[in-house]
Amino acid sequence: MLFRSAVCLKAMGRHPADRYDTPLDLARDIDAYLADNPVSAWREPLPRRLARWTRRHRTVAQTAVGALALLLLLAGAASVLLRRVAHDEYRARQTALHMAARLAANAAALQIDSRWRILEHEADDDRLIAALLAAEAPPAAGEGAEHRWGPIQAALDEIASETRGTVDAESWTVCDAKGIQVARSPRADTIGQDYAWRNYFHGGEQDLEQGARPEPLRQVHRSTVYRSNSTGKLKVAFSAPVWSADHADEGRRVIGVLLMSFDVGLLFRSVDGIG
């Protein structure tokens, strides 16, 4: 209809300049209209030109539409497949991470349990118990504390030497029942200082104020991270009570605390299996 109206309006234009130049031009537009081709009287929009092309090339158009539909279908299927693959990959990665975390946690637990067992075993060392009991006796005239603590230091040095191949402790320490450090291997100028306030001595969750007089711990304990007075490093200590007698003895008491200390960085590298 638009083609026909355009041809008629141009043919009946009020001004000569608006009409066809010759009857032949009018005839050409009429032929074009009848053949469903563009006419010079009207510039048709792109959608109508596409529609006309589709009518004239129906087979090609149907093939193109079918191909496009198939392409969209394949794209949709590929998208679903890719999402499923990505989801499966994500789940597999999460499962692997969970397994790795569980293995690391188990390894850490085994490392800690192994250190505690060694520590408890060394806390029952007869040499250490005898040396701590002997140090509790009243000092002889002119006898200094260092002299009475000598056997404790000797026993501790032997413990450190014997366990060097199985425990990577940075240092071993003994505090008496009052919290005084009476031996350290390797030795340091901290011997004789009061560490009763440290949670590795009393077994609490946190350190106390200096000068506090808590009771010594009664079971193995892992301390919070603290800064060493002797080396300035951040450390963690595993500690265990040293008892005066066998577990079957009802009158037994804690006569000291045995500690093994670890540099925080080295400890976690060891737990992770790196070092």
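An account of the accompanying structure is given in this report. These numbers were taken from a predicted model, which means no experiment stands behind them.

Here the focus is the overall build of the protein chain. In terms of regular secondary structure, the protein chain is built from 8 helices and 6 strands. In sequence order, the protein chain lays out its α and β elements as α-α-α-α-α-α-β-β-α-β-β-β-β-α. Long-range contacts, defined here as pairs at least 24 residues apart, represent 49% of the contacts in the protein chain between residues at least 6 apart. Taken as a whole, the protein chain presents about 17,400 Å² of accessible surface, with 58% of it coming from carbon and sulfur.

One side chain can pair with another of opposite charge once the charged atoms of both are near each other. Scanning all chains against the criterion turns up 11 salt bridges. A salt bridge links Asp-168 to Arg-115, with the shortest nitrogen-to-oxygen separation between them at 2.9 Å. Taken together, the residues span a long stretch of sequence, with Asp-168 in the loop between helix H6 (145-163) and strand S1 (171-176) and Arg-115 in helix H4 (residues 58-123) at a distance of 53 residues. Here Glu-170 makes a salt bridge to Lys-233, at a shortest N to O gap of 3.7 Å. Within this pair, whereas Glu-170 is found in the loop between H6 and S1, its partner Lys-233 is found in the loop between strand S4 (226-227) and strand S5 (234-243), the two being separated by 63 residues in sequence.

Moving on to the nonpolar core. Among the nonpolar cores identified, the biggest contains 28 residues, and Leu-128, Leu-132, Ile-152, Trp-172, Val-174, Val-242 and Leu-258 are the most heavily contacted of them. Elements with a contribution of two residues or more to this core: H4, helix H5 (126-135), H6, S1, strand S2 (181-185), S5 and strand S6 (254-263). Per element, the largest residue contribution to this core is 6 residues, and it comes from H6. Apart from residues lying up to four places away in sequence, Leu-128 is in contact with Glu-122, Ile-152, Ala-155, Ile-159, Val-174, Val-242 and Leu-258. Among the nonpolar cores identified, the runner-up in size contains 10 residues, and Tyr-195, Tyr-200, Leu-217 and Leu-259 belong to it.

Glancing now at empty space enclosed by the protein. Overall, the coordinates contain 1 cavity of 30 Å³ or more when judged by the stated rule. By volume, the largest cavity is sized at about 130 Å³. Every residue lining the largest cavity is counted, 15 residues in all, and those nearest its centre are Gln-181, Arg-184, Tyr-200, Tyr-226 and Ser-228. Mapped onto the lining of the largest cavity, the elements with two or more residues apiece are S1, S2 and S6. Broken down by class, the residue content of the lining of the largest cavity amounts to 4 nonpolar, 8 polar and 3 charged.

Further remarks concern the packing of aromatic side chains. A full pass over the atoms with the stated rule returns 3 aromatic pairs. With a centroid separation of 5.4 Å and 55 degrees between ring planes, the pair formed by Phe-238 and Phe-262 is classed as tilted. With Phe-238 in strand S5 and Phe-262 in strand S6, the pair connects residues that are 24 residues apart, well separated along the chain. Each member of the pair Phe-238 and Phe-262 is classed as buried. A connected cluster of aromatic rings, assembled from ring pairs, spans Trp-116, Phe-238 and Phe-262. Over the ring of Phe-262 we find Arg-115, and its NZ or CZ is 4.7 Å from the ring centre. Lying across the ring of Trp-243, Arg-252 places its NZ or CZ 3.9 Å from the centre.

A few words on the layout of surface pockets. Of the pockets and cavities examined, the largest pocket occupies roughly 200 Å³. Contributing to the lining of the largest pocket are Leu-132, Ala-135, Glu-136, Arg-148, Trp-149, Ile-152, Asp-176, Ala-177, Lys-178, Val-182 and Ile-255. Elements represented by at least two residues in the lining of the largest pocket include exactly H5 and H6. It is H6 that provides the largest number of residues to the lining of the largest pocket, a total of 3 residues. Across the lining of the largest pocket, the residue classes tally to 7 nonpolar, no polar and 4 charged.

A few words now on a nonpolar patch on the surface. Together, Leu-68, Leu-71 and Leu-72 give the surface a local cluster of nonpolar side chains, amounting to about 320 Å² of exposed area. Along the chain, Leu-72 falls in helix H4. Judged by its relative accessible area of 57%, Leu-72 is exposed.

Time to look at H5. It helps to recall that an α-helix has 3.6 residues per turn; residues three or four apart then point in one direction. For H5, every residue scored as buried is listed here: Leu-128, Ile-129, Ala-131, Leu-132 and Ala-135. Projected down its long axis, H5 shows its buried positions confined to an angular sector of 165 degrees, all on one face. In H5, the exposed residues that point more than 90 degrees away from the buried face are Asp-126 and Ala-134.

With that settled, the discussion passes to the pairing of S1. Of all 6 residues making up S1, 6 are buried, and the element is well covered by its neighbours. As judged from the 4 bridges shared by S1 and S2, these two strands associate in the antiparallel manner. Paired with Cys-175 across the strands is Gln-181, a residue of S2. The hairpin turn running from S1 into S2, its antiparallel successor, is 4 residues long, and Gly-179 in that turn takes a positive phi close to 95 degrees.

Reading the values: rules and limits
- Residues numbered from 1 in each chain as written.
- Predicted model: local features only at pLDDT ≥ 70, side-chain atom pairs only at ≥ 80, totals over all residues.
- Heavy atoms only, no water.
- Helix = DSSP H or I, 4+ residues; strand = E, 2+ residues; numbered from the N terminus.
- Contact = heavy atoms within 4.5 Å.
- Areas by Shrake-Rupley, 256 points an atom, 1.4 Å probe, with all protein chains shown as cover.
- Salt bridge = Lys/Arg side-chain N within 4 Å of Asp/Glu carboxyl O.
- Core = buried A, V, L, I, M, F, W, Y, C linked by side-chain atoms within 4.5 Å.
- Buried < 20%, exposed > 50% of the residue type's maximum accessible area, 1.4 Å probe, protein only.
- 1 Å grid on protein atoms, 1.4 Å probe; cavity = no way out; pocket = protein on both sides within 12 Å on 5 of 7 lines; lining within 4 Å.
- Points joined across faces, edges and corners; volume = space filled by probe spheres on them.
- Nonpolar A, V, L, I, M, F, W, Y, C, P; charged D, E, K, R; others polar.
- Phe/Tyr/Trp six-rings, centres within 6.5 Å; stacked < 30°, edge-to-face > 60°.
- Lys NZ or Arg CZ within 6 Å of the ring centre and 35° of its normal.
- Patch = residues over 30% accessible without salt bridge, like charges linked within 9 Å, V, L, I, M, F, W, Y side chains within 5 Å.
- Arc of directions from axis to C-beta.
- Pairing = 2+ DSSP bridges.

Purely geometric numbers; function is a separate question.
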